[in-house]
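Overview (structure and organization)
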Amino acid sequence: MTEPTLTILPAIPIPAFMSGEVQSKLAYVDESILSATVEPDGSMIQIIFKPQAGNVNQETINSKVQDVVALMVKGVIQPRTQVLEDFLDRPVPSKQDPMPELLASQEVSQEGRGIYTLGPLITSLIAYFESRFLELADSFSAVPYRFPTLISAKYLDRVNYFKAFPHSLSFVTHLREDLENIDQFAQHTHWEDESLNAGPESFSKIEVLNSPAVCYHWYFMLADQQLKEDNLVSTAVGNCFRYESSNLTSLERLWNFTMREIIFIGHGEYVLEQRETGRQRMTGILEELGLAYRVESANDPFFIGEFRKQAAFQSAFQLKYEIRASLPFSGKTLAVGSYNYHQDFFGRNLNITLPDGSPIHTGCIAFGLERMAYAFLSQYGLDKNQWPAAVREGVR
Ligand code: ATP
Ligand code: ZN
Ligand code: MG
């Protein structure tokens, strides 16, 4: 059975540089949408509906899509991409997507949408990358922390997370404490039509979520405190969750992934300096890993609406740089890490001050561990003999 489709010509032209961003947001427009693709030149949108969606009102979908496009592209100006490092043409031996081979050998197994189990090869590859990130963390004498996987809704609200990234939240609930409710659930609940058949009335209100990032936990821990030191550096690795809807594909974009972060707190100049030092130290490590990549300015994928301005602001003030590794099989690049500066955003919203009473500035260097492994295997393949010496020797 072929799924129903809809072709949409955007009333307001989508500039090519916005096509990826618009595509990622279209996934959230309507529940009937299975996938949405925007032509790279922005000229056309192709919507594929879920087979179970039934008779969708194409006119309604068309107008919702046109609204999103208008909100995102009206008056948008192409930010100037600043390239800090360009090693995209570093020669690499592979041109194949490693995913089919990884799935066939059960090195990667899909448990659910955006959820994968990783086997011994990727596990040891990630352990090796981790050892290199820890070497970077050590060079800053970063203090180690372990943060929880759950994150408090109370604090996420204080940093406006629900306004900035509502579409990617992952909520955690539990059964309401009520004997009859729990008994009913135990007796009648089953997996049906791709979900549990229990109704929303069985569940508690939301008090916690699955954490979308690592560094937030450290800022939350320090909320409403005046620090005794001017500069602090920490490091932690943790599970992160982002619901990326129909964009959840292979190891590129997961619902549940792992991030290693090195986090800086201090005055603005200090944080910027550390971020820059971190980037320069990473250049040597990435060279030993043999990665073909470039580092360029970027902005966060804020929800459409008032936060569009924030993206322009981020670009203008160079608050975010991404390490974008090449995926030779597709000719595209994928962010495997980012260098971020939040100015005094967390300091102000969480009331954290330095010894002189001014709000802290914060920044972090974040690595996506699964994406590091995926990008590396896309460039070097699964045969260890083809790997750069440092990686071959580091992976035991
Ligand atoms: P993208 O633009 O690709 O969605 P991002 O800007 O949302 O990335 P950051 O918030 O900077 O990513 O997170 C740091 C790193 O975490 C990214 O560089 C990436 O390696 C990893 N990461 C982010 N989202 C995902 C995801 N859904 N699946 C796997 N890794 C991810
Ligand atoms: Zn961070
Ligand atoms: Mg993202």
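For the structure itself, consult the block above.
Residues numbered from 1 in each chain as written. Chains lettered and ligands numbered in written order. Predicted model: local features only at pLDDT ≥ 70, side-chain atom pairs only at ≥ 80, totals over all residues. Heavy atoms only, no water.

1. Quick word on the nonpolar core
Burial of nonpolar side chains together is a common tendency in soluble globular proteins. If you look at the biggest cluster of nonpolar residues, it comprises 87 residues, and the most contacted ones within it are L125, F129, Y216 and W387. Per-element accounting of this core gives the leading share, nine residues, to helix 4 (residues 120-139). Those residues in contact with W387, other than ones at most four positions away along the chain, are L121, L125, F376, L377, Y380, G381, L382, R392 and V395. Counting residues in each nonpolar core, the second largest holds 21 residues, with V29, I33, I45 and I47 among its members. (Core = buried A, V, L, I, M, F, W, Y, C linked by side-chain atoms within 4.5 Å. Buried < 20%, exposed > 50% of the residue type's maximum accessible area, 1.4 Å probe, protein only. Helix = DSSP H or I, 4+ residues; strand = E, 2+ residues; numbered from the N terminus. Contact = heavy atoms within 4.5 Å.)

2. So, the coordination of the zinc ion (ligand 2)
At 2.1 to 2.3 Å from the zinc ion (ligand 2) lie its protein donor atoms, namely C215 (SG), E261 (OE) and C364 (SG). Along the chain, the residues donating to the zinc ion (ligand 2) are arranged with the sequence spacing C-x45-E-x102-C. In this pair, C215 is assigned in helix 8 (residues 215-221) and C364 in strand 18 (residues 361-368), connecting sequence segments 149 residues apart. For the pair C215 and C364, one class covers both residues: buried. (Donors = N, O, S within 2.8 Å, 3.2 Å for Na, K, Ca; no water.)

3. Observations regarding the pairing of strand 3 (residues 45-49)
A one-sided burial pattern is seen for strand 3, the buried positions being I45, I47 and F49 and the unburied ones Q46 and I48. Here strand 2 (residues 33-38) folds back onto strand 3, and the loop between the two strands holds six residues, one of which, G42, carries a positive phi near 80 degrees. (Pairing = 2+ DSSP bridges.)

4. A closer look at the layout of surface pockets
By volume, the second largest pocket is sized at about 830 Å³. Residue lining of the second largest pocket: 22 residues in total, with K50, R113, Y243, S245 and S246 positioned closest to the centre. Broken down by secondary-structure element, the contributors of at least two residues to the lining of the second largest pocket are strand 2 and strand 5 (108-112). Classifying every residue of the lining of the second largest pocket by side-chain character gives 10 nonpolar, five polar and seven charged. (1 Å grid on protein atoms, 1.4 Å probe; cavity = no way out; pocket = protein on both sides within 12 Å on 5 of 7 lines; lining within 4 Å. Points joined across faces, edges and corners; volume = space filled by probe spheres on them. Nonpolar A, V, L, I, M, F, W, Y, C, P; charged D, E, K, R; others polar.)

5. Quick look at empty space enclosed by the protein
Tallied over the entire structure, the rule returns one cavity of 30 Å³ or more. The volume enclosed by the largest cavity comes to roughly 40 Å³. Around the largest cavity sit F147, P148, T149, S211, A213, V214, H217, G238 and N239, which together line it. In terms of residue class, the lining of the largest cavity is made up of four nonpolar, five polar and no charged.

6. Here's the deal with unusual backbone geometry
Its identity as a non-glycine residue notwithstanding, N160 has a phi of 60 degrees, on the positive side. Relative to the assigned elements, N160 resides in the loop between helix 5 (153-158) and helix 6 (161-164). One non-glycine residue with positive phi stands out, namely Q318, at about 50 degrees. Tracing the sequence through the fold places Q318 in the loop between helix 10 (308-316) and strand 16 (320-327).

7. Some remarks on helix 2 (residues 58-73)
With 16 residues, helix 2 should cover 22 Å at 1.5 Å per step; its first-to-last C-alpha distance of 22 Å lies within 8% of that length. Buried within helix 2 we find I61, V65, Q66, V68, V69, A70, M72 and V73. Of the residues that open helix 2, the one with a side-chain oxygen 3.0 Å from the backbone nitrogen of E59 is N57. Of the residues trailing helix 2, G75 is marked for its positive phi of about 70 degrees. (Expected span 1.5 Å × (residues − 1). Polar contact = N/O pair within 3.5 Å; in protein donor to acceptor, adjacent residues only side chain to side chain.)

Treat this as a map of the structure, not an account of what it does.
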